Amino acid sequence: MSEHLIEATVNGRKVRKTVKAGTRLIDFLRDDLQLTGTKEGCGAGECGTCSVFVDGKLMKSCLMPVSRADGTVIETVENLSGGSILGERTAVQKAFHKMGASQCGYCIPGMVMAATAVLQDNPQAEREEIKERMGGNICRCTGYQKIIDAVELARDVANQIQPAGVLDTEEHHDDFIGASVWRIDAPGKVTGQLKYAGDMVLPGMLEMQVLRSPHAHARIVSIDFSSALEVPGVHAVITADDVPGTDGYGVFVHDQPVMARGKVRHVGEAVAAVAADDLQAAKEAVRLIRVVYEQLPAVFDTDTAKAPGAPIVHDYAPENLVKHIPIRKGDVDAGFAEASFVLEHTFQTQPVEHAYLEPEAGIGYVDADGVVTVHSPSQNITHHRHMLADILDLPINKVRMIMSPVGGGFGGKEDMLYQGMLAIMAMKTGRPVRLVFTREESITVSAKRHPTRIQYRMGVAKDGRITASQLKCESDGGAYGCSTEGVMRKMAILGPGPYDIPNVKIDTYGYYTNNTPSGAFRTFGAMQSEFSTEVMLDLAAEKLQLDPFEIRRINGMRNGAITHTKQKLESVSFQRVLEAAREGSRWESGPSSSRGEQRKDLSGTDIRPPCQLGARFMSTKPEGEFGRVRGRGMAASWYGIARTATIDRAGAWVELDDGGTAKVLTGVTEIGEGILTVLAQVAADELGIRPENITIGDNDTARSPEAAHAGATRQTYMIANAVALACRNVRERFDAEIAAFWEVEPDQLEASNGHIRVRETNKSMTMAEAVAVCKGQRGVVPVGSGSYTAPHTGLDPVDGSGKPWQAYVYGCQVAEVEVDTVTGEVQVLGVWAAHDVGRVINPQGVEGQIEGGVVQGLGQALMEDYQQTDGHAVSHGFDKYILPTSLDVPHINSIIIEDPDPLSPLGAKGIGEPALVPTVPAIINAIYDAAGIRLTSLPATPVKVLAALRDKKRMREGSLEAAE
Amino acid sequence: MVEILPNFKLVRPKTVEQAVAMLARSESAKLCAGGTDLIVNMRHGLSDVHTLVEISQINEMQELDLDDDRLRIGAGVTLNELARSNEIAKSFPAIHQACVAIASPNHRNCATVGGNLCLDTRCLFYNQSHWWRKSNDYCLKYRGTICHVAPKGNRCRAAFAGDLAPALIACRADIEITGPQGKRVIALKDFYREDGADHLKLNSDEIVTAVSVKSTAQNSAYKKITVRGALDFPLAGVAVVCNQTPDDGRSFSIAITGTNSSPVVIDVPELKKDDNRQDFFSALGNLVKKSVSPQRTTTIAAHYRRLSIAAITVRLAKTLSDEGSK
């Protein structure tokens, strides 16, 4: 093996090391120099998370053999702030913090480096140039808007257009609820100091690699790993035979074995795993494992899966049905009879990849107390511990799950894909074991958004009322159940939209196939069914020559509405949200036909210019304007907050601590949305101290009370309420002691901003003094706990009636698009997104969720498509799985509506998932408005747009000929 | 699954002569310029390289000269250096536009002109990990016996997807190649052959050292079709150079990328002053459609690439002929 001596200057220090020739610069930085601020997102130069400066130029360090870096000067993100979280941060880093530009944070070190490069190259770069120069860095959370805002702010400070002070001082808030308190976790993200699972190293740690199935459906005849064990450095190989307890996991049905048991059901399924001293040995050993497969007939679509005689994926489900959810209300046949017309259309949605920038990773070990521990970016450590205890056949307190920072999840990290293998390998080897997925592995193996066919019938009366809606949704659940059951439920309950419809018939079916499993993905099925509803409404409005807002106003739910599951809703903000979107977007009323260029509300100042690469350098336009048309569309949505049709709960412990600070312990999952900041704001407000004085403990099943998963848009609703209740519990005890000390009644006390006082007197103490009194003089440690319950009920198995949620939110978005009728390319230039979020805790965080949701929606509307051929993923890198870059995003105008929830202490609801539901149909409806083509199959790629345009032209020519 | 970068020896010649000698010394030696494509392919197990001859330290290949006579671009010039030249942007819009449309700024800091001209051909069935290709019986381009794209054919249909080549070809560029026998210069359009598995007329001991074009100001443009604004290889791309003829007609020079295993040159007749423009451009569209043969090498359908490239070729040609020539 050839080795190289590398001498380079890294972050100002001379470095001399001997490395293997195959080492990339990224490996050298991360493994040899422990500079883990440089992240690996794709390993193929597509995502930019590994961006560093080499001799002053921004480079992707995963594309550079380290031997090429010999003699160079290298700067990593750590260098910007002097290698420490305590160092002075640069203007770019501070601007990212202030503007809320970091969410999960995994792309952020690379983004900060790219932003630094932009301003070095051109300190006066305009917004469009900034976007163009940051095109090599992908972000999946933020929608890029706040990142670009941050770069503009840093630029303005550098050019003294804004005072430097804006970056250092946070506006002083007296009331923390409703204020854009800066994210408390941003400093660790913008400096690259936050350690994700793949950045962690433990003494004696082994590297694990997984052998994966090359077949979609095959019986495993034999596995021979004797040669693998011969590889120097290999410690152990595990297969399904090594599972000690009851094998099987899944969010609903536990149908997925830790490693393939007897047969494989999809390409990429884990068959065996190897642990070795280093990655190279582990990979070599994996290659030497010999598996004999007997291929079985496989099934790749739902029509085949449900047909008699289809290959059976799971023996327990001979019809390949995972779940059927029916909902019945009124009599749809009567409703159709009453209608003045009945629309019938079929819609098809595509499988979508979460594409979180942090690939799956984790470390498993057995601690000195014999507790089997797994650190991983899991969205649901509570459930993972339950399942793992069964799989390992251990008492539940002998299994411990610790959440590592989650570098994006969006539902994709709810499945316990690899934590079981890590635990078993740690038990077998007695050593800490680490596994880091490659991007290919992550995309090939993790669950996708359910591709769904929706057959829709909608009856509409002359006055625009919907008289009946009937939906049949069939989803490809792939090889394992994952979240299919829950997805089918939410798809059904929310499917017909926030409309008062007397007669409803919904059936959702999830099927097993031998495709990559489908699972939880932001909106959990609601996007698919609501997309079809919103396009149907546009069609109905057009037929009636009604404004699309008007048909939604006519049918929209109001206070006291009865939902499709026959739940009576007390407080419905839908009409307010509609009106806010209409006003905010300067919508020009008119019938929903293809108005396009005749509209007068197009091309305002609140959109972005269309992207034309390099156009800013040119004296003339690179190409003519002809063939490009603009238009606008709108769509509305609703969403239920917290777990669906089941009682939901979350707990928290709080201690008012020395110095007037506080500790909050709860099983919260910071998945990037800013929940830690939200909780700090809530606790500060309740306790009367400041957010920076709150410490929130790690999410750890052995240390913090259960708050369950990051999903269902539930964390602010469930956990913030639990924290509020716990704080009130503390205050009750604390106030009683302080009142006794002052010899007043507890209800005379008030606390805010670090002080406690007696109302209408001059009695006052700092909280630090008060805590000292409480402990030192009264002998009481001020601790408290809280548990919040959302009393949802299950659905009736026959007619689906029930109360699946107590809090609902509503949304409405308008999209403005430009369609290139020559190439079929579509650009979204502007989005106006109005969302009711209940009481707002942090407006900047809400905007961040809306912007990120809109851009994910845009990706799903126009480009993203996880393609498989016979079960083999074709698009499993960011070169073939196309997702939006900074050049593809519209200007997003967030409109926040507050309709506080009357049933919970804080009144806050949520925004995580709802933000992207209306984006897809708004864009699809806008394409119709612009170009007169109606797409019912997602995504609206240039291929489909151009084909539809040609069909339209052919039909028009045909009808002209017929007329002649 | 994607593998660790294989073990190899990296050598860094200081002169073209040294580089040629190093290439000649070993069968499995391969040139590495920016490496932005090569390194990914190596991790996919797509070559058995033992020695990488890395050329970033060859100063003579880094020169960018624009004088009254010719624009000469050293093959080692990075794409961002090329993009930064305002003179090139003004005088050769197509070259500039093609350059800034490549991948992303962080790629272009590293990637070179020579690398982009010698870019390996691409295919859905080729640009995959070793594990994936093995699971799918490999393919004709590497280690396999059939082409999954055109199973009945006997040649590899992987597509050439370089952005610079069509722009330079439309500008009638020449390419300088240096080998053990010295330097040879050929028209860039003759540098490629229509075989996805062997698309460059370049011996294994030869190096592309520069590309040059005559420096007459021109009216030109490049446009590529992609689904998003950055990062993507062209699904198809076209460069059009349009010049005014003495009798107020228009002459065109057009080259296309992304559709075939090599750039496609479209031989377009002159648009005479009195010609019916609509007929001319509709014929041009048909000519493009007939001349290209996109295959199932991308996730986006082949027929779309044929239709859209014809449509944007016509649009570019129309726009440029309307603007008049300089």
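Just above sits the structure.
Residues numbered from 1 in each chain as written. Chains lettered and ligands numbered in written order. Predicted model: local features only at pLDDT ≥ 70, side-chain atom pairs only at ≥ 80, totals over all residues. Heavy atoms only, no water.

A. Structural view of the overall build of chain B. A tally of regular secondary structure across chain B gives eleven helices and twelve strands. Each principal axis of the C-alpha atoms in chain B carries an extent, and together these give about 65 × 45 × 35 Å. Across the 326 residues in chain B, those meeting the buried criterion constitute 64%. Within chain B, counting contacts between residues at least 6 apart in sequence, those at least 24 apart form 63% of the total. For chain B, the computed accessible surface area is about 12,200 Å², with 47% contributed by carbon and sulfur atoms. Side-chain charges in chain B split into 41 positive and 35 negative, and the spacing between the mean points of these groups amounts to 7 Å. (Helix = DSSP H or I, 4+ residues; strand = E, 2+ residues; numbered from the N terminus. Buried < 20%, exposed > 50% of the residue type's maximum accessible area, 1.4 Å probe, protein only. Contact = heavy atoms within 4.5 Å. Areas by Shrake-Rupley, 256 points an atom, 1.4 Å probe, with all protein chains shown as cover. Lys, Arg positive; Asp, Glu negative; His and termini not counted. Charge placed at Lys NZ, Arg CZ, Asp CG, Glu CD.)

B. Representation of empty space enclosed by the protein within the structure. Taken as a whole, this structure holds nine cavities of 30 Å³ or more when the rule is applied. There is about 600 Å³ of room inside the largest cavity. Taken together, 36 residues make up the lining of the largest cavity; nearest its centre are Cys611, Glu825 and Gln827 of chain A together with Lys223 and Thr226 of chain B. Elements with a contribution of two residues or more to the lining of the largest cavity: β29 (808-820), β30 (826-836) and α22 (843-862) of chain A together with β9 (219-225) of chain B. By residue number, the principal contributor to the lining of the largest cavity is β9 of chain B, which donates four residues. There is about 90 Å³ of room inside the second largest cavity. The residue makeup of the lining of the second largest cavity, split by class, is nine nonpolar, two polar and two charged. (1 Å grid on protein atoms, 1.4 Å probe; cavity = no way out; pocket = protein on both sides within 12 Å on 5 of 7 lines; lining within 4 Å. Points joined across faces, edges and corners; volume = space filled by probe spheres on them. Nonpolar A, V, L, I, M, F, W, Y, C, P; charged D, E, K, R; others polar.)

C. Representation of the sheet that holds strand β1 (residues 3-10) of chain A within the structure. Residue and element names in this part refer to chain A. Strand order in the open sheet formed by five strands is β2-β1-β5-β3-β4, with mixed pairing between adjacent strands. With one partner strand each, in any of the chains shown, β2 (13-20) and β4 (57-60) form the two edges of the open sheet. Between one strand and the next, the sheet's axes are offset by a mean angle of 40°, whatever the strand orientation. Where strand β3 (residues 51-54) and β4 come together, four bridges link them in antiparallel fashion. Note on β4: the bridge partner recorded for phenylalanine 53 is leucine 58. Across the sheet, helix α4 (residues 108-121) is in contact with β3, β4 and β5 (73-75); its angle to β3 comes to roughly 45°. (Pairing = 2+ DSSP bridges. Axes fitted to C-alpha atoms, helices over the stretch in contact; angles between N-to-C directions.)

D. Quick look at the environment of leucine 296 of chain A. Residue and element names in this part refer to chain A. As for its position among the elements, leucine 296 is in the loop between β11 (290-295) and α10 (302-306). The class of leucine 296 is partly exposed, set by a relative accessible area of 26%. Measuring from C-alpha to C-alpha, the distance between leucine 296 and arginine 265 comes to 9.5 Å, with 31 residues separating the pair along the chain. Excluding anything up to four places from it in sequence, leucine 296 contacts His217, Ala218, Arg219 and Lys263.

E. Seen up close, the interface of chain A and chain B. Of the residues lining the interface, 79 residues belong to chain A; the matching set on chain B comes to 69 residues. Interface area for chain A against chain B, summed over the two sides, is near 6,200 Å², with a carbon-plus-sulfur share of 58%. It is Leu63, Arg68 and Glu440 of chain A in chain A that bury the most area against chain B; as a group they hold 11% of the surface buried on that side. The interface formed by chain A and chain B contains six salt bridges. With a closest N to O distance of 3.5 Å, glutamate 81 of chain B and lysine 57 of chain A form a salt bridge. One can count 26 residue pairs in polar contact (both at pLDDT 80 or more) joining chain A with chain B. Those elements giving two or more residues to the side of chain A that touches chain B turn out to be β4, α5 (127-133), α9 (279-288), α14 (439-445), β32 (872-873) and α24 (942-963) of chain A. When the residues that make up the side of chain A that touches chain B are grouped by side-chain class, the tally is 31 nonpolar, 25 polar and 23 charged. (Buried area = accessible area lost by both parts, 1.4 Å probe. Salt bridge = Lys/Arg side-chain N within 4 Å of Asp/Glu carboxyl O. Polar contact = N/O pair within 3.5 Å; in protein donor to acceptor, adjacent residues only side chain to side chain.)

F. Representation of the state of the cysteines in the model. Applying the stated criterion across every chain yields a total of zero disulfides over all chains. In this model cysteine 50 of chain A remains outside any disulfide bridge; the closest cysteine sulfur is found in cysteine 62 of chain A, 3.9 Å from its own. With no disulfide partner, cysteine 147 of chain B has as its closest neighbouring cysteine sulfur the one in cysteine 156 of chain B, 6.0 Å distant. Residue classification places cysteine 147 of chain B among the buried positions, given a relative accessible area of 7%. (Disulfide = S-S within 2.5 Å.)

G. Region of the structure containing the side chain of lysine 224 of chain B. Relative to the assigned elements, lysine 224 of chain B resides in strand β9. Relative accessible area serves as the criterion here: at 9%, lysine 224 of chain B is assigned to the buried category. Polar contacts involving the side chain of lysine 224 of chain B include one to the main-chain carbonyl oxygen of alanine 101 of chain B, which spans 2.5 Å. A distance of 2.8 Å separates a polar atom in the side chain of lysine 224 of chain B from the backbone oxygen of aspartate 232 of chain B. Contact partners of lysine 224 of chain B, with chain neighbours within four places excluded, come to Glu825 of chain A together with Ala101, Ile102, Asp163, Asp232, Phe233, Pro234, Ala236 and Gly237 of chain B.

H. Fine view of the packing of aromatic side chains. Summed over all chains, the structure comprises 17 aromatic pairs over all chains. Centre to centre, the rings of tyrosine 499 of chain A and phenylalanine 574 of chain A are 5.7 Å apart; their planes meet at 85°, and the pair counts as edge-to-face. Taken as a pair, tyrosine 499 of chain A in the loop between α15 (484-494) and β20 (503-511) and phenylalanine 574 of chain A in helix α18 (residues 574-584) lie far apart in primary sequence, 75 residues in all. You can call phenylalanine 574 of chain A buried: its relative accessible area is 0%. Measuring from centroid to centroid gives 5.7 Å for phenylalanine 252 of chain B and phenylalanine 280 of chain B, while their planes differ by 25°, and the two rings are stacked. Taken together, the residues phenylalanine 252 of chain B in strand β11 (residues 250-257) and phenylalanine 280 of chain B in helix α10 (residues 277-291) connect sequence positions 28 residues apart. Pair check on accessibility: phenylalanine 252 of chain B and phenylalanine 280 of chain B agree, each one buried. (Phe/Tyr/Trp six-rings, centres within 6.5 Å; stacked < 30°, edge-to-face > 60°.)

I. Spotlight on the sheet that holds strand β22 (residues 648-657) of chain A. All names here are of chain A. Overall, mixed pairing links the four strands, which are arranged β24-β23-β22-β28 in an open sheet. Sheet topology places β24 (694-696) and β28 (783-790) at the edges, where each strand pairs with a single neighbour. Averaged over all neighbouring strand pairs, the angle between strand axes comes to 20°, with direction disregarded. Helix α20 (residues 715-742) rests against β22, β23 (661-665) and β28 of the sheet, and its axis sits at about 145° to β28.

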